[in-house]
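# Descriptive structure summary
Take a look at the letters that make up each chain.
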Amino acid sequence: MTTMHFSYYSAFIISITGLSLHQTHLISTLLCLESMMLSLYIALSMWPIQLQTSSFMLTPMLMLSFSACEAGMGLSLLVASSRTHGSDHLQNLNLLQC
Amino acid sequence: MMYFMFLFGFCFVFWMVGVSCNPSPYYGILSLVLGAASGCGVLVGMGGSFMSLVLFLIYLGGMLVVFAYSSALVVDPYPAGWGGLGGLVYVVGFVLLVLGLVVMGSFLCGVEGFGEVTADGVGLCVVRLDFGGVSWFYYYGSVMFLISGWGLLLTLFVVLEMVRGLSCGTLHSI
């Protein structure tokens, strides 16, 4: 495990911890998801460089496109929840259950 | 080059801590953009310049939309930064987590070598590794290419249905 491997492992663990801990805004949790995706992208594009296999370079591109789907869905859910609940605080989603 | 790689890797982890420690969304998105730029630096140092270009153009271009969105959504005149006791507790906790991971990793696996193997580590090549690798999309990966394009198109319609309106869209059934 080189230091570059260590950097994205620790970035992923930090992001998933920040996702699971208490966040104020819904968009902060979406940002934590995006940072998890960023560390996964760097990991997936660093492994083929180290293994010298060019065909595995497809996987980070595929993951980037699917994470674009995920980000779009997250933002539309944010819009929907801020329209039905008034604000995007995560506390509101607990308080105003319907 | 080792020192640059170490610097970019450190900045990457540092800005991920900045995203995760529950700041205002202004500062969160700023940390995410700077962390993505540091990740681009890491990839350039490893030799994957095309992957870094894709990350910088597409990912940061998408992040610009999210940035405008979050800054329009949060209308606090004085956004809460990383300051205060709560944010400090988060930062100290994450720094301790990273230090624990360093100690554990150096005991278990041994942490050494900054980016020893790069894209042209085995010698000169005609086509760079990442340029040649992504071009497999049009040959072996064509099915996955079509599937991901179909997924993006589906996401477009799903988002349009989600945000269409309170009277007739998906939100009407809630």
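The structure presented is a predicted model; accordingly, all values stated were derived computationally and were not measured.

### Quick word on the overall build of chain A
Check the secondary structure of chain A and you find 4 helices and 0 strands. Sequence-ordered secondary structure for chain A, helices as α and strands as β, is α-α-α-α. The C-alpha atoms of chain A give 17 Å as radius of gyration, which overshoots the globular expectation for 98 residues (13 Å, by more than 25%). Its C-alpha atoms give chain A principal-axis dimensions of about 50 × 25 × 15 Å.

### Comments concerning the packing of aromatic side chains
Taken as a whole and assessed by the stated rule, the structure comprises 11 aromatic pairs over all chains. Judged by centre distance (6.4 Å) and plane angle (35 degrees), the ring pair of B:Trp136 and B:Tyr139 falls under tilted. Overall, the relative accessible area of 56% leaves B:Tyr139 in the exposed class. Each member of the aromatic cluster is reached from another via a ring pair, and the members are A:Tyr8, A:Tyr9 and A:Trp47.

### Some remarks on the environment of A:Ile13
By the element assignment, A:Ile13 lies in helix H1 (residues 3-20). Since its relative accessible area comes to 32%, A:Ile13 is described here as partly exposed. Aside from chain neighbours lying at most four places away, what touches A:Ile13 is B:Leu97 and B:Leu101.

### Observations concerning the UniProt feature "transmembrane region" (unreviewed entry) in chain A
Mapped onto this numbering, the UniProt entry annotates "transmembrane region" (unreviewed entry) at residues 29-49 and 61-80 of chain A. The straight-line gap between the two end C-alpha atoms of residues 29-49 of chain A is 31 Å; of that span, 100% is helix and 0% is strand.

### Quick look at the interface of chain B and chain A
It is common to report an interface's size as the accessible area lost on association of the parts. The interface of chain B with chain A comprises 74 residues on the first partner and 61 residues on the second. At the boundary of chain B with chain A, total buried surface from both sides reaches about 5,700 Å², with 80% on carbon and sulfur atoms. Summed over the three residues of chain B that lose the most area to chain A, namely B:Phe12, B:Met51 and B:Leu129, the buried surface amounts to 10% of that side. Summed over the shared surface of chain B and chain A, the number is 3 residue pairs in polar contact (both at pLDDT 80 or more).

### Topic: the nonpolar core
Counting residues in hydrophobic clusters, the biggest one holds 44 residues, and the most contacted among them are A:Leu38, A:Tyr41, A:Met46, B:Leu32 and B:Tyr59. Looking at this core, the elements that each hand over two or more residues are H1, helix H2 (26-51) and helix H3 (58-85) of chain A together with helix H1 (2-20), helix H2 (25-46), helix H3 (49-73) and helix H5 (129-134) of chain B. Looking at this core element by element, the count peaks at 12 residues for H2(A). Once residues lying within four places of it in the same chain are set aside, the contact partners of A:Tyr41 are A:Pro60, A:Met61, A:Met63, A:Leu64, B:Leu43, B:Met51, B:Val54 and B:Leu55. Formed by 7 residues, the second largest nonpolar core is a distinct cluster that contains A:Ile14, B:Val13, B:Val17 and B:Phe94.

### Some details on the pattern of salt bridges
Under the defined criterion, the tally for this structure stands at 1 salt bridge over all chains. The shortest N-O distance in the salt bridge between B:Glu161 and B:Arg164 comes to 3.6 Å.

Definitions and limits used
Residues numbered from 1 in each chain as written. Chains lettered and ligands numbered in written order. Predicted model: local features only at pLDDT ≥ 70, side-chain atom pairs only at ≥ 80, totals over all residues. Heavy atoms only, no water. Helix = DSSP H or I, 4+ residues; strand = E, 2+ residues; numbered from the N terminus. Rg over C-alpha atoms; globule rule 2.2 N^0.38 Å. Phe/Tyr/Trp six-rings, centres within 6.5 Å; stacked < 30°, edge-to-face > 60°. Buried < 20%, exposed > 50% of the residue type's maximum accessible area, 1.4 Å probe, protein only. Contact = heavy atoms within 4.5 Å. UniProt positions renumbered as here; feature names shortened; annotations may be inferred. Buried area = accessible area lost by both parts, 1.4 Å probe. Polar contact = N/O pair within 3.5 Å; in protein donor to acceptor, adjacent residues only side chain to side chain. Core = buried A, V, L, I, M, F, W, Y, C linked by side-chain atoms within 4.5 Å. Salt bridge = Lys/Arg side-chain N within 4 Å of Asp/Glu carboxyl O.

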